[in-house]
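Architecture at a glance
Chain by chain, the residues run as shown.
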Amino acid sequence: MAKNSFLFLHVLVIFSLASMAFSNSLSPYFYDYVCPQALPTIKRVVEDAVTEERRMGASLLRLHFHDCFVQGCDASILLDQTETIDSEKTARPNNNSIRGFEVIDKIKSEVDKACGHPIVSCADIVAVAARDSVVALGGPTWEVQLGRRDSTTANRNMANNDIPPPFLDLPALINNFKNQGLDEKDLVALSGGHTLGFAQCFTFRDRIYNETNNIDSTFASQRQADCPRSGDDSNLAPLDPTPVLFDTEYFSNLLCKKGLLHSDQALFSGGQTDNLVQIYSTNLGTFAKDFAESMIKMGNIKPLTGDQGQIRVNCRKVN
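Fair warning: this is a prediction, and the values are worked out from it, not measured in the lab.

Attention now goes to the overall build of the protein. Helix and strand counts for the protein come out as 14 helices and two strands. Relative to the 2.2 N^0.38 estimate, which gives 20 Å for 319 residues, the radius of gyration of the protein is 21 Å and therefore close to what a compact globule would have. Overall size of the protein, expressed as C-alpha extent along the three principal axes, is 75 × 45 × 35 Å. Here the analysis covers contacts within the protein between residues at least 6 apart in sequence; of these, 75% occur between residues at least 24 apart. Working note: accessible area of the protein is about 14,600 Å², and carbon and sulfur atoms make up 53% of it.

Dropping the structure here:
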């Protein structure tokens, strides 16, 4: 009887692995049978990393965003430069800016240990780590769709062109998100991810020195204290007054013309997104719900599934 039970379990595991390998759709239950410890392991490592450095939560969220906007959510952003890989890490939006790679490496190592072998894709790790980071900083949770596979390519030119830069006006932002299958509600909700984190001086220098119509003058002066007209490009400023807490302060700031980035303030500048900004500024529940829904939608951008791509052994390089 025991022998038969073991045989049944063995067959079930093989069947589950085969189903995973050729599944063409994402599911939040993708790893439930083949590695039930995968998601708890990711959560533990993320929580440890955020406890050690609160800013890391925003960095892991941003990593997922910048991954999905370039050829889909496929972990292409993790690939290092080689003779055949044109790494996205050196693209303008990422160079000396995107971070969290060491945390992803740690998660990959721990998950592979827990599962016994490489079974969880780097793309799924990035997606789950983003969710767990938001939760660790007081934000909502959501069911991450799983089953993505990892790319064997990266695209630095696409990263330069498709990741929205911080100087875009509202029409350009709307068009940028539309190209990814995201609408105006997704634009405002996902921009609300800037309730977490910091920005470097070079990304908002032009706004605090050269803009006058849609910026609070006292706010501009305060930011100028840590961001001179030239030099100190990497000096940090918080994207909202509570940069390690998921709340509505980001939107409240926009109502007062205190958006740090030009692209932030563009969301409340007399255009069609003004109403959503106002709603989110006073209703954390609505913002949190819409944010979670938009994160799921963003996570579904062009995933590799079935026999596409691979499950990388090392997230930084192709097998």
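Let's pick the thread back up.
The interhelical angle for the contact between helix α7 (residues 170–178) and helix α8 (residues 184–191), taken along N-to-C directions, is 100°, at an axis separation of 9 Å. What the angle tells us is that α7 and α8 run roughly perpendicular. Where α7 approaches α8, its residues Leu170, Leu173, Ile174 and Phe177 are matched on the opposing element by Glu184, Asp186, Leu187 and Leu190. Its residues placed into classes, the contact of α7 with α8 shows six nonpolar, no polar and two charged.

Take the state of the cysteines next. Applying the stated criterion across every chain, the model contains four disulfides. Between the sulfur atoms of Cys35 and its disulfide partner Cys115 the distance amounts to 2.0 Å. Of note, the bridge from Cys35 to Cys115 carries an S-S torsion of about -90° and is left-handed in sense. One end of the pair, Cys35, is in the loop between α1 (2–22) and α2 (38–52); the other, Cys115, is in helix α4 (residues 101–115), and 80 residues separate them in sequence.

Relative to the helices and strands, Glu211 resides in the loop between α9 (201–210) and α10 (217–224). Glu211 gets classed as buried once you look at its relative accessible area, which sits at 19%. For Glu211, the side chain forms a polar contact with the side chain of His262, separated by 2.6 Å. The residues contacting Glu211, other than those within four sequence positions of it, are Asp206 and His262.

What follows is about α4. Helix length check: α4, at 15 residues, gives a terminal C-alpha distance of 21 Å against a target of 21 Å (1.5 Å per residue), a fit within 8%. By the burial criterion, the buried members of α4 are Phe101, Val103, Ile104, Ile107, Lys108, Glu110, Val111, Asp112 and Cys115. Buried residues in α4 make contact with α2, α3 (55–68) and α5 (122–136). Within two residues after α4, Gly116 carries a phi angle of roughly 95°, on the positive side.

Turning to unusual backbone geometry, a few remarks are in order. In this structure, Asn96 is a non-glycine residue whose phi angle is positive, near 55°. Considering the arrangement of structural elements, one finds Asn96 in the loop between α3 and α4. Judged by its relative accessible area of 70%, Asn96 is exposed. Residue Asp232 is not a glycine yet carries a positive backbone phi of 55°. Within the fold, Asp232 resides in the loop between α10 and β2 (236–238).

What counts, and at which threshold
Residues numbered from 1 in each chain as written. Predicted model: local features only at pLDDT ≥ 70, side-chain atom pairs only at ≥ 80, totals over all residues. Heavy atoms only, no water. Helix = DSSP H or I, 4+ residues; strand = E, 2+ residues; numbered from the N terminus. Rg over C-alpha atoms; globule rule 2.2 N^0.38 Å. Contact = heavy atoms within 4.5 Å. Areas by Shrake-Rupley, 256 points an atom, 1.4 Å probe, with all protein chains shown as cover. Axes fitted to C-alpha atoms, helices over the stretch in contact; angles between N-to-C directions. Parallel < 35°, antiparallel > 145°, perpendicular 65-115°, else oblique. Nonpolar A, V, L, I, M, F, W, Y, C, P; charged D, E, K, R; others polar. Disulfide = S-S within 2.5 Å. Buried < 20%, exposed > 50% of the residue type's maximum accessible area, 1.4 Å probe, protein only. Polar contact = N/O pair within 3.5 Å; in protein donor to acceptor, adjacent residues only side chain to side chain. Expected span 1.5 Å × (residues − 1).

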